[in-house]
Amino acid sequence: MARDRGGRGGRGGRGSAVPAGSAIEPGVFPIDAGTAEITRDPFSEGAWLLTLNGAESSQLNPDTPLELGFEYMRWMAAVMMHRWDPAEPLRILHLGGAGCTLARWAAAWYPGVRQTAVELDAGLAALARERFALPRAPQLRIRVGEAGEVLAGAHPGSRDVVIRDVFAGTRPEDQATPGHLLGVEAARAAARVVGDGIYLVNHGGGPDLTAARREAATLREAFSTVAALADPQMLKGRRRGNIVFAASNGRLTADGSTRRDALVRHLLSDPLPTRLVEPLEAFAAGARPFGEPLPLTRLESPSSRVNEDNGGTDRRPS
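Residues numbered from 1 in each chain as written. Predicted model: local features only at pLDDT ≥ 70, side-chain atom pairs only at ≥ 80, totals over all residues. Heavy atoms only, no water.

### Quick look at the overall build of the chain
Where we set the bar: Under the DSSP-based scheme used, a helix requires at least four consecutive residues in state H or I and a strand at least two consecutive residues in state E, with every element numbered from the N terminus. Working definition: with a 1.4 Å probe on protein chains only, accessible area under 20% of the residue-type maximum means buried, over 50% means exposed, and in between means partly exposed. The contact definition used throughout considers only heavy atoms, calling two residues in contact when any of these lie within 4.5 Å. Calculation of accessible area relied on Shrake-Rupley with a 1.4 Å probe; when residues are assessed, cover is drawn exclusively from the protein chains displayed.
Within the chain, the secondary structure is distributed over nine helices and 14 strands. Every one of the 318 residues in the chain was classed for burial, and the buried ones make up 55%. When contacts within the chain are restricted to residue pairs at least 6 apart in sequence, those whose partners lie at least 24 apart make up 72%. Surface exposure of the chain reaches about 13200 Å², of which carbon and sulfur atoms provide 50%.

Here you go:
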């Protein structure tokens, strides 16, 4: 999906917890699903763009990981910042790895974080580990696998945050989230995994908000609180872009209305001013939840992780 870019994701003054990114170089690289291209971002000094089969996937800010060029990542970061303080040892599961930009942000903002990024494309996972100066284990592990299977097999309450940012397609115009990750079964699995934590969903689409309303209705089947974050033009169905859904069976922000008000102000001050809409009864009214089930979990199969030292593939028991 095309994303708006520009602006910063975190507050200044915190040091980077990840290695410098001087090894990043432009080029076109073969991956399992086609090609990945790394180019300099013409709009952000020192930043790089990762493009997969012609579709922008990640902006890489190797020396300034707290800067997030894609708006939906800034919104996700804002939700986490206003729920958990930097000293919290968060446990995050990323469904969709690509350039691991948001994982790099989390490692810088939450030094005690423990993260797993699930990436289906083994070639892309190896490329990211080799060239993107990513945090090492235990701050970030990359697991090669299918996101739905990993979600279905995750232990209850094992994560504070699950982030779904999965798009597949051979052309930019074909990019879409696989149906089994949209269904009620996936939402309930995410609710089981995060407990009273937060499930963050990147929904991408056009002016027709039918799918977005169905996504909201689906999440409301599994979570007591579901909020939408988007710019007003997107919510009015006037453009193509991203909506972030934040779902929880606990608190969306830390205790007290003050933190919620702070989140609202944070989003309004974004380079793409953003609304927090909650509750979503009116938005989802009459929409039919998605129903495709998750795939069966193959627990007897070994999981695949990208080796933390050289980018190769380790085979370890699940």
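### Here we look at the nonpolar core
A general trend in soluble globular proteins is that nonpolar side chains are found buried together. What counts here: Each nonpolar core is a collection of buried residues, namely Ala, Val, Leu, Ile, Met, Phe, Trp, Tyr and Cys, held together in the definition by side-chain atoms within 4.5 Å.
Formed by 39 residues in total, the largest nonpolar core has its most connected members in Leu 95, Tyr 199, Phe 223, Ile 243, Phe 245, Leu 280 and Phe 283. When residues in this core are grouped by element, the largest group, seven residues, is from helix H5 (residues 184-194). The next biggest cluster of nonpolar side chains, apart from the first, holds 36 residues, and it includes Ala 77, Ile 92, Leu 272 and Leu 276.

### Quick notes on the packing of aromatic side chains
Here the distance between the centres and the angle between the planes together describe a pair of aromatic rings. Put simply, the test is: Working definition: rings of Phe, Tyr and Trp (its six-membered ring) pair if their centres are within 6.5 Å, and the pair is stacked with planes under 30 degrees apart, edge-to-face with planes over 60 apart, and tilted otherwise. Cation placement over rings: the criterion is NZ of Lys or CZ of Arg within 6 Å of the ring centroid and within 35° of the ring normal.
Throughout the structure, instances matching the rule amount to four aromatic pairs. When the ring of Phe 70 is compared with that of Tyr 72, the centres are 6.4 Å apart and the planes differ by 20°; the resulting orientation is stacked. Considered together, Phe 70 and Tyr 72 belong to a single accessibility category, that of buried residues. Here Arg 213 stacks its cationic end above the ring of Phe 283, 4.7 Å away from the centre of that ring.

### A word on the layout of surface pockets
Here is the rule we go by: Put plainly, a pocket is an open set of points on a 1 Å grid over the protein atoms alone with protein on both sides within 12 Å along at least five of seven lines, a cavity is a set where a 1.4 Å probe fits but cannot get out, and a lining residue has an atom within 4 Å of a point. Grid points are joined across faces, edges and corners, and a volume is the space filled by probe spheres set on the points. In this classification, the charged set is Asp, Glu, Lys and Arg, the nonpolar set is Ala, Val, Leu, Ile, Met, Phe, Trp, Tyr, Cys and Pro, and all remaining amino acids, among them Gly, are polar.
Here the largest pocket defines a volume of roughly 800 Å³. Leu 52, Glu 119, Leu 124, Val 166 and Phe 167 are the residues nearest the centre of the largest pocket, which is lined by 44 residues in total. Elements with a contribution of two residues or more to the lining of the largest pocket: strand S4 (55-60), helix H1 (71-81), strand S5 (91-95), helix H2 (101-109), strand S6 (114-119) and helix H3 (122-131). If one sorts the elements of the lining of the largest pocket by residue count, S4 sits on top with four residues. Looking at the lining of the largest pocket residue by residue, the class counts come to 24 nonpolar, 13 polar and seven charged.

### Some thoughts on the sheet that holds strand S2 (residues 34-40)
Short version of the rule: Two strands make a pair as long as DSSP finds a minimum of two bridges between them. With axes taken as lines fitted to C-alpha atoms, and helix axes fitted only over the stretch in contact, angles between N-to-C directions fall between 0 and 180 degrees.
The antiparallel open sheet is built from four strands, whose spatial order is S1-S2-S3-S4. Strand pairing shows two members of the sheet lacking a second neighbour, strand S1 (27-31) and S4, which therefore form its edges. Taken pair by pair, the neighbouring strands of this sheet meet at an average axis angle of 25°, ignoring direction. Examined bridge by bridge, S1 and S2 share five bridges and lie antiparallel to one another.

### Some remarks on H1
Within H1, eleven of the eleven residues are buried, leaving the element largely enclosed by the surrounding structure. Along H1, the positions that sit buried rather than exposed are Glu 71, Tyr 72, Met 73, Arg 74, Trp 75, Met 76, Ala 77, Ala 78, Val 79, Met 80 and Met 81.

### Considering the pattern of salt bridges
Applied cut-off: We define a salt bridge as a contact between a side-chain nitrogen of Lys or Arg and a carboxyl oxygen of Asp or Glu at a distance within 4 Å.
Under the criterion given, the structure shown has nine salt bridges. For Arg 259, the salt bridge identified is with Asp 85, shortest N-O distance 3.7 Å. Residue Arg 259 is located in helix H8 (residues 257-268), and its partner Asp 85 is located in the loop between H1 and S5; the two are separated by 174 residues in the primary sequence. A salt bridge links Arg 239 to Asp 231; the nearest nitrogen and oxygen atoms lie 2.6 Å apart. Asp 231 gets classed as buried once you look at its relative accessible area, which sits at 4%.

### Digging into the side chain of His 82
Condition: Here a polar contact is recorded for every N or O atom pair within 3.5 Å, except that within protein the pair must consist of a potential hydrogen donor and a potential acceptor, and residues adjacent in sequence are included only if both atoms are side-chain atoms.
With respect to the helices and strands, the residue His 82 is situated in the loop between H1 and S5. A polar side-chain atom of His 82 sits 3.0 Å from a polar atom in the side chain of His 266.

### Notes on the confidence of the model for the chain
Applicable threshold: Residue-level confidence of the predictor is summarised by pLDDT, bounded by 0 at the bottom and 100 at the top.
Counting all residues, the mean pLDDT for the chain is 87, and 84% of those residues have values of 70 or more. Across residues 15-22 the pLDDT falls below 50, and counting only partners more than four positions away or on other chains, this stretch makes 21 contacts in the model.

### Points about unusual backbone geometry
Residues other than glycine predominantly adopt negative phi, and peptide bonds predominantly adopt the trans conformation. Going from Ala 137 to Pro 138, the amide bond is cis rather than trans, its omega being 10°. Its place among the elements puts Pro 138 in the loop between H3 and strand S7 (140-144). Cis geometry is found at the peptide bond from Glu 278 to Pro 279, where omega equals 10°. One non-glycine residue, Asn 53, adopts positive backbone phi at about 50°.

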